[in-house]
Amino acid sequence: MSTRLVIAAIQANPTVGAIAHNEALARERLAQAKAAGADVAVFSELFINGYPPEDLALKPAFWAAGKAAVERLALDTKDGPAALVGVIWPNAKAGGRPHNALAFLAEGEIKGLAIKGDLPNYGVFDEKRVFEAGASASVFEWKGVKLGAPICEDIWSDAICADLKAKGAEILLVPNGSPFRRTADHERMGVAKARVAETGMPMLYVNEVGGQDELVFDGGSFALSAQGEVVMRLPMFEEAFALTIWEKGADGWACVEAPMADWVSGPEEVYRAMVLGLRDYVNKSGFPGVLLGLSGGVDSAISAVVAADALGPDRVRCFMLPSRYTSQDSLDDAEDCAKRLGVRLDEISIVPAIDAFAQMLTPHFEGKAPDLTEENIQARARGLSLMALSNKLGLMLMTTGNKSEMAVGYATLYGDMCGGYNVLKDIYKTEVYAVCDWRNANDPYGVAADPIPERILTKAPSAELRPDQKDQDSLPEYAELDAILHGLVEEEATLDEIVARGHAPETVERIQRLLYNSEYKRRQAAPGVKVGARAFGRDRRYPIVNGFRDVVSK
């Protein structure tokens, strides 16, 4: 029986569905672990197939491809090290859903499988839809050491880890596909420490890193001693390879050597999630770069900064599309921001398009005064122009609406909502300013210092679709709006509870009405980075046709 074990933590970035790529990445990391003298390499959840596979997991051909990849990868373990690799595994029962599994590879073969027993079915997770749970926990023995292998959600309740302890496990090795949200690192750590306290076993927690559609996986892998002390931390939002050295003494296994990276928090972690989410969405989808409308406002400015940091300024094209109502300040501010970032900015007036639409439609608008219709035509002229540029140039169009706007429908469908991705989709307007302030004070990717002109941050927000328009002509001040929306969206608070916080009843009722009435717009919106507890889309699934309205008690 060994009294020393070297375990490699593989915090890497697989791609959903790209089995050949993921297999090659696993082989590369396994070779790295072998060269470093590791005894065991631990990969993240469903590494071979990518996580989350959603309904792709229901395709038998997908199961077969993943299984074949793991069988080939097992050959690489003939001379060590052993490996724990996540993969979708076919169900032995005819017609049954597949398993979310962890294959134990050693000595050139698949020695065993652990099947995920606790399938999450809340928030962004739908695993009960596509997988069948395992009946019992699995312990693998390697070099005389019994390794417990709970998979991600398996540690979020006590039963499976207790079962592993009863079966003689000595160390918990936990592969994860845990997506980022602002509170994720604290929640994970709390759960992990609870399982360690209950079982008396140390734990190595290995998380995926990278972007997948709306989700960003932040890495942040860690290890805990049997006493619950943090003995390893890997960096957030970047790939990492780490050796952890474990020795067995009179009190069991202890980690005697491992890296200890600093973790980020606050606006910085939100910003890094935005960058990683956009970078992987663009690169994994095969786009050569992005374009966006740079209006001179704060939302498009920070979106351009994120794009430049994610992809490099040479892969970002910006367009200013002025109308008759575009101010000179906006033109100057857009140009200033583009110069600071080093991105190309072109100007295309939409005035000819607006005039053409007026000529086309005015006879049919006879007797009706100008209203929101004419404002939306401007937004749609911009959307049409940007989509045409996207088609012609082959660049993905970014849309730039924040969560406050998306919540109340302060956006034009088929206009400024056009685009393939939105890094601000889950960030309220007040939070946008906090992220901008952080980025202006920091240059984490070495692209541009202080990239957002001060006037963009201090002037009153405006869509500039009519003379002297300001956002607050139609909406409450953003500080109040965001507080009400947080209560309605993140908390599902009653209107009475929100009013009791100091908000006018008529304002709260109006915001609720706007929120519900805009569901059809959000259902057609571009995907965007999830950063909070309840993002629109996968997290919050409301009906479009909805007759319920809460009311304030009289």
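What counts, and where the lines are drawn
Residues numbered from 1 in each chain as written. Predicted model: local features only at pLDDT ≥ 70, side-chain atom pairs only at ≥ 80, totals over all residues. Heavy atoms only, no water. UniProt positions renumbered as here; feature names shortened; annotations may be inferred. Helix = DSSP H or I, 4+ residues; strand = E, 2+ residues; numbered from the N terminus. Expected span 1.5 Å × (residues − 1). Buried < 20%, exposed > 50% of the residue type's maximum accessible area, 1.4 Å probe, protein only. 1 Å grid on protein atoms, 1.4 Å probe; cavity = no way out; pocket = protein on both sides within 12 Å on 5 of 7 lines; lining within 4 Å. Points joined across faces, edges and corners; volume = space filled by probe spheres on them. Nonpolar A, V, L, I, M, F, W, Y, C, P; charged D, E, K, R; others polar. Contact = heavy atoms within 4.5 Å. Phe/Tyr/Trp six-rings, centres within 6.5 Å; stacked < 30°, edge-to-face > 60°. Lys NZ or Arg CZ within 6 Å of the ring centre and 35° of its normal. Axes fitted to C-alpha atoms, helices over the stretch in contact; angles between N-to-C directions. Left-handed = near helix turned anticlockwise from the far one by under 90°. Pairing = 2+ DSSP bridges. Right-handed = clockwise from strand over helix to strand, strands pointing away. Domains from an automatic or database assignment. Buried area = accessible area lost by both parts, 1.4 Å probe.

Going by the annotation in an unreviewed UniProt entry, the name recorded for the protein chain is Glutamine-dependent NAD(+) synthetase, with Phenylobacterium haematophilum given as the source organism. One UniProt comment on the protein chain, placed under Pathway (unreviewed entry), says "Cofactor biosynthesis; NAD(+) biosynthesis; NAD(+) from deamido-NAD(+) (L-Gln route): step 1/1."

Spanning 20 residues, helix H6 (residues 266-285) covers 29 Å between terminal C-alpha atoms, matching the ideal 28 Å at 1.5 Å per step. Of all 20 residues making up H6, 14 are buried, and the element is well covered by its neighbours. Among the residues trailing H6, Gly286 stands out with phi positive, at a value near 90°.

The calculated volume of the second largest pocket comes to roughly 420 Å³. Along its surface, the second largest pocket is lined by 20 residues, and Tyr325, Ile354, Pro370, Glu374 and Gln378 are the ones closest to its centre. Among the secondary structure elements, those contributing two or more residues to the lining of the second largest pocket are helix H9 (351-361) and helix H10 (372-393). Class assignment for the residues of the lining of the second largest pocket results in eleven nonpolar, three polar and six charged.

Relative to the helices and strands, Leu204 is located in strand S9 (residues 203-207). Relative accessible area serves as the criterion here: at 0%, Leu204 is assigned to the buried category. Those residues in contact with Leu204 that sit more than four places away from it in its chain are Ile7, Ala9, Val42, Leu172, Leu173, Val174, Phe222, Ala223, Met232, Thr244 and Trp246.

This next bit is on the packing of aromatic side chains. Counting across every chain of the model gives eleven aromatic pairs. Look at Tyr51 and Phe217: their rings are 6.2 Å apart centre to centre, the planes differ by 70°, and that puts the pair in the edge-to-face class. A residue pair is termed long-range when its members are at least 10 positions apart, and Tyr51 in the loop between strand S2 (40-42) and helix H2 (60-74) and Phe217 in strand S11 (residues 215-218) qualify at 166 residues. Ring pairs connect the aromatic residues Phe104, Phe140 and Trp142, which therefore count as one cluster. Across from the ring centre of Trp263, 5.7 Å away, lies the NZ or CZ of Arg233, which sits over that ring.

For the pair H6 and helix H7 (residues 298-311), the least separation of the axes is 9 Å and the interaxial angle reads 65°. For H6 against H7, the interelement crossing comes out right-handed. Here H6 contributes Tyr271, Met274, Val275, Leu278, Arg279, Val282 and Asn283 to the contact with H7, which in turn contributes Ile302, Val305, Val306, Ala307, Asp309, Ala310 and Leu311.

Now for the pairing of strand S18 (residues 344-347). When strand S17 (residues 316-320) meets S18, the two strands line up parallel, connected through four bridges. Paired with Cys318 across the bridge in S18 is Leu345. Tracing the backbone out of S17, into helix H8 (residues 328-341) and back to the parallel element S18 gives a crossover that is right-handed.

A full pass over the atoms with the stated rule returns three cavities of 30 Å³ or more. Estimates place the volume of the largest cavity at around 60 Å³. Lining the largest cavity, in full, are Val124, Glu214, Lys425, Asp426, Gly528, Val529, Lys530, Ala535, Phe536, Arg538 and Asp539. In terms of residue class, the lining of the largest cavity is built from four nonpolar, one polar and six charged. Approximately 40 Å³ is the volume found for the second largest cavity. Lining the second largest cavity we find Thr399, Met406, Met417, Asn422, Lys425, Ala525 and Ala526. Looking at the lining of the second largest cavity, its residues break down into four nonpolar, two polar and one charged.

The next subject is the domain arrangement of the protein chain. The domain boundaries assigned to the protein chain delineate domain 1 (4-260) and domain 2 (278-470). The distance between the C-alpha centroids of domain 1 and domain 2 comes to 41 Å. Across the contact, eight residues belong to domain 1 and six residues belong to domain 2. Contact between domain 1 and domain 2 buries roughly 540 Å² in total, counting both sides, with carbon and sulfur atoms accounting for 33%.

So, on to the sheet that holds strand S4 (residues 99-106). Spatial strand order, S5-S4-S3-S2-S1-S14-S15: seven strands in an open sheet with mixed pairing. Two strands lie at the open edges of the sheet, namely strand S5 (109-115) and strand S15 (252-257), each paired on one side alone. Each neighbouring strand pair of the sheet contributes to a mean axis angle of 30°, computed without reference to strand direction. Two strands pair when backbone bridges link them, and strand S3 (residues 82-89) and S4 are joined in this way by seven bridges, in the antiparallel orientation. Looking at the pairing, Leu84 lines up with Phe104 of S4. Lying over the sheet, helix H1 (residues 19-35) contacts strand S1 (4-11), S2, S3 and strand S14 (240-249), oriented at roughly 45° with respect to S14. Contacting S3, S4 and S5, H2 crosses the sheet at an angle of about 170° to S3.

This part is about the side chain of Thr400. Assignment of secondary structure puts Thr400 in the loop between strand S19 (396-397) and helix H11 (403-408). By relative accessible area, which is 17% here, Thr400 ends up buried. The residues contacting Thr400, other than those within four sequence positions of it, are Leu292, Asp299, Ser300, Ser303, Asn422 and Leu424.

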